[in-house]
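Listed below are the residues making up each chain.
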Amino acid sequence: MAIKVINPGLSTTVQDLGRPGYYHLGIPLSGGMDRFALRAANLLVGNDEGAAVLEAVFMGPELQFASDAIVAVTGAELPPKVDGNVQPTWTAFKVKAGQTLGFDFLKSGARAYIAVQGGIDVPVVLGSRSTYTLGALGGHEGRKLAAGDALKVGGVAKAAKEGRSIPANLRRLPGNPAELRVVPGLYWHRITDAAGTGFFADTWKVAPEADRIGYRFKGGKPLEFVPRKQPFGAGSDPSNIVDACYPYGSIQVPGGTEPIVLHRDAVSGGGYFMVGTVISADMDLIGQLQPHTPAKFVKVDMKGALQARHDRQALLQKLRAAVN
Amino acid sequence: MAKQILSPLPGTFYRRPAPDQPVYKNEGDSVAVGDVIGLVEVMKSFNEVKSTEAGKIVKFHAENEDAVMAGQPLADLE
């Protein structure tokens, strides 16, 4: 069973739940940017939640199937089309041998997850099939898909039913403005109280540069720093620190102007101060933000962050129950 | 039946290949299938917007550096 790539879209990559455990060596987590949607796509086609799928951003690929398959598309509202006939998202549907899966224009969200019954079969590298394009690691030859590629599909583990669907209340997309909950971080003391207040009060906008490495935001007031003599080892800009580890979700603000939230393909360390960290429960939402989308950072404490994580687990349980 | 060129991607629209160069197409210019009419910048890459129809551009709906959505009409053709 093979899938032939006719048109790859803008940047379509093989992703699973990621490659944790090597970030301290500079190898990022990778994996789907909206892992909730990735899990949902897999569950719909009878795969393990962490099977490899295709992540398409802003624009869908065009794929020709060599044999019959059950497919589901979740995440962004990127309407799938089988030989030109529109299919519902968040729903399992059939693609017959010889048919082509294409996509209509993106309606909302940013990243769609295309799961095929059996999963995309690429070699496992350091415990994951996810693509890390900067490191040319994992996925299909360590890169985004190109026209002419042939993808193998794994053996079918579980039966899947056409028409199986995820209820609307379990389809999660960011609001407008998107609200991203943040725990203020270790370097919070570097900015003035007024800057800290402004950071949470301002409405930011997603910059067009935002990608799998980091999501950049523009349009808020520049952050004002508490004056200090830069310590030995730190750069001369007040936003510089002595090099430190960058957590997944951390928000660095180079020059105090444009916050960047590090995401699945992030660098693991460097010399910019971090104003805080987006909580794990909201990282999936970032993966669904289009350029120019308004966004607000919402302050929470650790207790709030843990509660949100708990709520998120409960939502995942509902998702699992919904497809059984 | 009016024909339109739609943006394939969300991002920032540019009518010129570079700031110091002329626009790809003016209103009133004719276009062939595959002609570039602008760029959409997203994820640090500039993606050419190509006409999927042949005709004459009667109106642009997006100006240089406008934010555009996927599927948004960029130009009317006749």
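Residues numbered from 1 in each chain as written. Chains lettered and ligands numbered in written order. Predicted model: local features only at pLDDT ≥ 70, side-chain atom pairs only at ≥ 80, totals over all residues.

**Q** Whenever I open this one, the confidence of the model for chain B confuses me. Can you help?
**A** Any region with low pLDDT has predicted coordinates that should not be read closely. Residue and element names in this part refer to chain B. Overall, the prediction assigns chain B a mean pLDDT of 93, with 99% of residues at 70 or greater. Looking across chain B, the model is least confident in strand β1 (residues 3–6), with a mean pLDDT of 93, and most confident in strand β2 (residues 11–14), with 96. For this predicted complex, the interface score ipTM comes out at 0.87, alongside a pTM of 0.95. (pLDDT = per-residue confidence, 0-100. Helix = DSSP H or I, 4+ residues; strand = E, 2+ residues; numbered from the N terminus.)

**Q** Even after reading the chapter, I still don't get the sheet that holds strand β20 (residues 294–299) of chain A, so can you show me in this structure?
**A** Each strand in a sheet pairs with its neighbour through backbone hydrogen bonds, running either in the same direction (parallel) or in the opposite one (antiparallel). Residue and element names in this part refer to chain A. Spatially, 7 strands are ordered β12-β19-β16-β17-β14-β13-β20 in a closed barrel, and the strand pairing comes out mixed. Ignoring strand direction, the axes of neighbouring strands in this sheet form an average angle of 40°. Pairing geometry for strand β14 (residues 214–218) and strand β17 (residues 260–262), over 3 bridges, is antiparallel. By the bridge assignment, G214 is partnered in β17 with L262. (Pairing = 2+ DSSP bridges. Axes fitted to C-alpha atoms, helices over the stretch in contact; angles between N-to-C directions.)

**Q** Teacher, can you tell me more about the domain arrangement of chain A here?
**A** By a frequent convention, interface size equals the accessible area lost on bringing the separate parts together. Residue and element names in this part refer to chain A. Entries for chain A in the domain assignment read domain 1 (2–170) and domain 2 (178–315). Listed as interface residues are 20 residues of domain 1 and, on the opposing side, 13 residues of domain 2. At the level of elements, α1 (35–44), β5 (69–77) and β10 (108–116) are the ones that each hand at least two residues to the side of domain 1 that touches domain 2. Looking at the side of domain 1 that touches domain 2, its residues break down into 10 nonpolar, 7 polar and 3 charged. (Domains from an automatic or database assignment. Contact = placed C-beta atoms within 7 Å. Nonpolar A, V, L, I, M, F, W, Y, C, P; charged D, E, K, R; others polar.)

**Q** In this structure, what is going on with the nonpolar core? I would like to understand it.
**A** The nonpolar side chains of soluble globular proteins are, as a tendency, buried together. All names here are of chain A. Among the nonpolar cores identified, the biggest contains 98 residues, and A41, L44, V53, V71, I114 and A115 are the most heavily contacted of them. If you tally residues by element for this core, the top one is α1, at 7 residues. Here this core gathers at least three residues from each of two domains, domain 1 (2–170) and domain 2 (178–315). Residues in contact with V53, not counting those within four places in the same chain, are Q15, L38, A41, N42, Y113, I114, A115 and I120. (Core = buried A, V, L, I, M, F, W, Y, C linked by C-beta atoms within 7 Å. Buried ≥ 20, exposed ≤ 12 C-beta atoms within 10 Å, placed from the backbone.)

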